[in-house]
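# An overview of the molecular structure
These are the residues of each chain, in order.
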Amino acid sequence: MATAAAVGQTTGRVAVVGAGISGLSTAACLQRIGYDVHLFEEKDKDRYLQDKPDHGFGIWSNALKCLAKLGLKEQLESRGRFMKEVGYKTKSGEWLAQPSRHLRQHIIESDDQESPGSLFLLYSDLIKMLRSVAPPIKFSTKFPQKMPSTSSSPEYDFHVIATGNNLKKADIAAYQGYVVYRGLCPASENGGRLKRGHSSQGGEGLNASFQTWSNGKRFATVPMRNHWVWYATIPTPVQQERTAACGITLSPRSWLVTEEQKRMLADEFSEWHDPILSLIENTGHEHITAEFAYSSLDTTVPPSSSSSSPQSIFLGDAAFVLDPILAQGGGVCIEEAFQLAYQISHAKKNSQPISVAFAALEQKRKRRIRTLQYLSNLSQTIGCLKSPIDTLRDASMLAIPRVLSCSSFDALMTASVSTSLLVDDFDFLTGNIQ
């Protein structure tokens, strides 16, 4: 039985470019199977994680299982918070659909049939955890621009490109017609800085996660340990008109909103149920980002040709773009990092070239991305209907038996994690390659 150390001794070094979620996860996994990993970040050390505000990051069951295999289970459960009550609501605060079972409230490393779960924590906390199990970062503003030139870095066996910020999303993705706002509202034991109470229509207080739909717009929030993370989407026709004066043009990059834009956002949701307006009003504009929503076309950025040396593979935002509606993008980055290491381990065990591992990952990744694209489009179509059709949608969902609406919600959640990139087993991380 081959060991991880043996694999590393025969494969040498690899360069991973980009020290975000994707790059750190990949570097940690490749190091576990014996590679000498050089992890590069194009931002200088002082700007790393400082060029945009912190935000809430959701991780579903599949990716949580992967991170637990890196020894991060206790840290995740101590720093993060699992979603509890969750569902879709009307503008007035009535529940339209909720799952029939409670969401999972713990991380399970073995195979099981329990309900899916999703843990939310600060992005900065997750980065710190991953840095603790990944090789040290080499901060370099020059090396990433040279990738994947064979003359600039011939000492590497292959390159992993995980520089999502350098992706020209328009080349592989389609604009989805709306702007996504992300905010992080502070909380405290007495209810945080919220000035208004919560809707009395559910009785769940501020512990519930929900997504509310009305007239093409959406608002969602998830309570965390010390914050509420929230998301709002506004269709393009509304946003184009209102951002024109601020000099914002269609771009794949995110930006910090101004105080004026925050007031405009509050106006859009001023008639929606509590605590939506309170969350917006009590979030400083410096803690709100916005970006135009993109989703990959029916493609991902493929690995470089097997004839090139060294070869390169693109991961995370450098390879695909997911509509943020399902909160699965970050989790897929973690899943594919493990899948890449798994496929490389098996290719080396069978004396196959690295291109075989890259091709196997690409096949599995495309299936995962296409499934999430379909589910995103379905949810987007249903959730962003405009008036008066949205009123008919709400009335229909309220009229049907609860068991049917619950079953539909269950099916959506299960489908979103069922075609994951999870490996068949994790023994390869501990030195046993089956």
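Source: prediction; values computed, not measured. (Residues numbered from 1 in each chain as written. Predicted model: local features only at pLDDT ≥ 70, side-chain atom pairs only at ≥ 80, totals over all residues. Heavy atoms only, no water.)

All right, on to the overall build of the protein chain then. Check the secondary structure of the protein chain and you find 14 helices and 16 strands. Contacts in the protein chain between residues at least 24 apart in sequence constitute 78% of all its contacts with a sequence separation of at least 6. (Helix = DSSP H or I, 4+ residues; strand = E, 2+ residues; numbered from the N terminus. Contact = heavy atoms within 4.5 Å.)

What follows concerns helix α11 (residues 329-349). A rise of 1.5 Å per residue sets the reference length of α11, with its 21 residues, at 30 Å; its end C-alpha atoms lie 31 Å apart and thus fit the reference within 8%. Among the 21 residues that make up α11, 18 are buried, leaving the element largely enclosed by the rest of the structure. Two residues or fewer past α11, S351 is found with a positive phi of approximately 55°. (Expected span 1.5 Å × (residues − 1). Buried < 20%, exposed > 50% of the residue type's maximum accessible area, 1.4 Å probe, protein only.)

What follows concerns the packing of helix α2 (residues 21-32) against helix α5 (residues 123-133). Where α2 meets α5, the axes come as close as 9 Å, and the angle between the chain directions of the two elements is 20°. With respect to α5, the axis of α2 lies roughly parallel. Read as a crossing pair, α2 and α5 show a hand that is left-handed. Counted together, I21, L24, S25, A28 and Q31 of α2 and Y123, L126, I127, L130, R131 and V133 of α5 form the full contact between these two elements. For the contact of α2 with α5, a count of residues per class yields 8 nonpolar, 2 polar and 1 charged. (Axes fitted to C-alpha atoms, helices over the stretch in contact; angles between N-to-C directions. Parallel < 35°, antiparallel > 145°, perpendicular 65-115°, else oblique. Left-handed = near helix turned anticlockwise from the far one by under 90°. Nonpolar A, V, L, I, M, F, W, Y, C, P; charged D, E, K, R; others polar.)

Let us now look at the packing of α11 against helix α12 (residues 354-383). At a closest axis distance of 8 Å, the pairing of α11 and α12 adopts a crossing angle of 150°. The angle between α11 and α12 places the two elements in the roughly antiparallel class. Considering the relative orientation of α11 and α12, their crossing is right-handed. Contacts between α11 and α12 involve V332, E335, E336, Q339, L340, Q343, I344, A347 and K348 from the first element and I354, A357, F358, A360, L361, K364, R365, R368, I369 and L372 from the second. Taken together, the residues of the contact of α11 with α12 sort by class into 11 nonpolar, 2 polar and 6 charged.

Here the focus is the pairing of strand β13 (residues 227-235). Buried residues dominate β13, accounting for 8 of its 9 residues. Of the strand pairs in this sheet, strand β12 (residues 217-223) and β13 are connected by 6 bridges, and their pairing is antiparallel. Counted as the bridge partner of A220 is Y231 from β13. Counting the residues in the hairpin turn of β12 and β13 gives 3 residues. (Pairing = 2+ DSSP bridges.)

Judged by nonpolar contacts, the single largest core of 56 residues is most densely connected at L30, I59 and L76. Element by element, the count of residues in this core is highest for α11, at 8 residues. The residues touching L76, leaving out its near neighbours within four places in the chain, are I59, L64, L67, I107, L119, L121, L126 and M129. Core analysis: the next-biggest nonpolar cluster, separate from the first, contains 34 residues, L96, L184, L322 and L421 among them. (Core = buried A, V, L, I, M, F, W, Y, C linked by side-chain atoms within 4.5 Å.)

Moving on to the environment of F320. With respect to the helices and strands, F320 occurs in the loop between β16 (311-314) and α11. Distance in space between the C-alpha atoms of F320 and C333 is 9.7 Å, their sequence separation being 13 residues.

As a further point, take the sheet that holds strand β7 (residues 118-122). If you trace the 3 strands from one edge of the open sheet to the other, you get β3-β7-β4, paired in antiparallel fashion. In this open sheet, the two edge strands, each paired with only one partner strand, are β3 (56-60) and β4 (81-82). Direction of pairing for β3 relative to β7: antiparallel, over a ladder of 5 bridges. Each residue of the ladder has a partner; that of G58, found in β7, is F120. Running at roughly 90° to β3, helix α3 (residues 61-69) makes contact with β3, β4 and β7 of the sheet. Contacts between α5 and the sheet are confined to β3 and β7, with β7 contributing the most and set at about 95° to the helix.

Cis rather than trans, the peptide bond between D274 and P275 has omega equal to 0°. Relative to the helices and strands, P275 resides in the loop between α9 (259-268) and α10 (276-281). Geometrically, the link from S387 to P388 is a cis peptide bond, its omega value of 5° lying close to zero. Tracing the chain through its elements places P388 in the loop between α12 and α13 (389-399). At N215, a residue that is not glycine, the phi angle is positive and equals roughly 50°. Residue position: N215 is located in the loop between β11 (210-214) and β12. For N215, a relative accessible area of 37% gives the class partly exposed.

So, on to a nonpolar patch on the surface. Together, Y374, L378 and I382 make up a nonpolar patch on the protein surface, roughly 290 Å² of accessible area in all. With respect to the helices and strands, the residue I382 is situated in helix α12. (Patch = residues over 30% accessible without salt bridge, like charges linked within 9 Å, V, L, I, M, F, W, Y side chains within 5 Å. Areas by Shrake-Rupley, 256 points an atom, 1.4 Å probe, with all protein chains shown as cover. Salt bridge = Lys/Arg side-chain N within 4 Å of Asp/Glu carboxyl O.)

Further remarks concern the sheet that holds strand β9 (residues 158-161). What the 5 strands build is an open sheet, ordered β8-β2-β1-β9-β16; its pairing is parallel. One side of each edge strand has no neighbouring strand; the edge strands of this open sheet are β8 (137-139) and β16. Geometrically, the sheet is characterised by an average inter-axis angle of 25° between neighbouring strands, direction not taken into account. Here α2 sits on the sheet in contact with β1 (13-17), β2 (36-41), β8 and β9, set at roughly 170° to β2.

Under the defined criterion, the tally for this structure stands at 8 salt bridges. Put simply, E291 and R182 hold a salt bridge, and the shortest N to O gap is 2.5 Å. Note that E291 is positioned in strand β15 (residues 288-296) and R182 in strand β10 (residues 173-186), a separation of 109 residues in sequence. Judged by its relative accessible area of 18%, E291 falls in the buried class. With a closest N to O distance of 3.0 Å, R365 and E336 form a salt bridge. In this pair, R365 sits in helix α12 while E336 sits in helix α11, placing the two residues 29 residues apart along the sequence.

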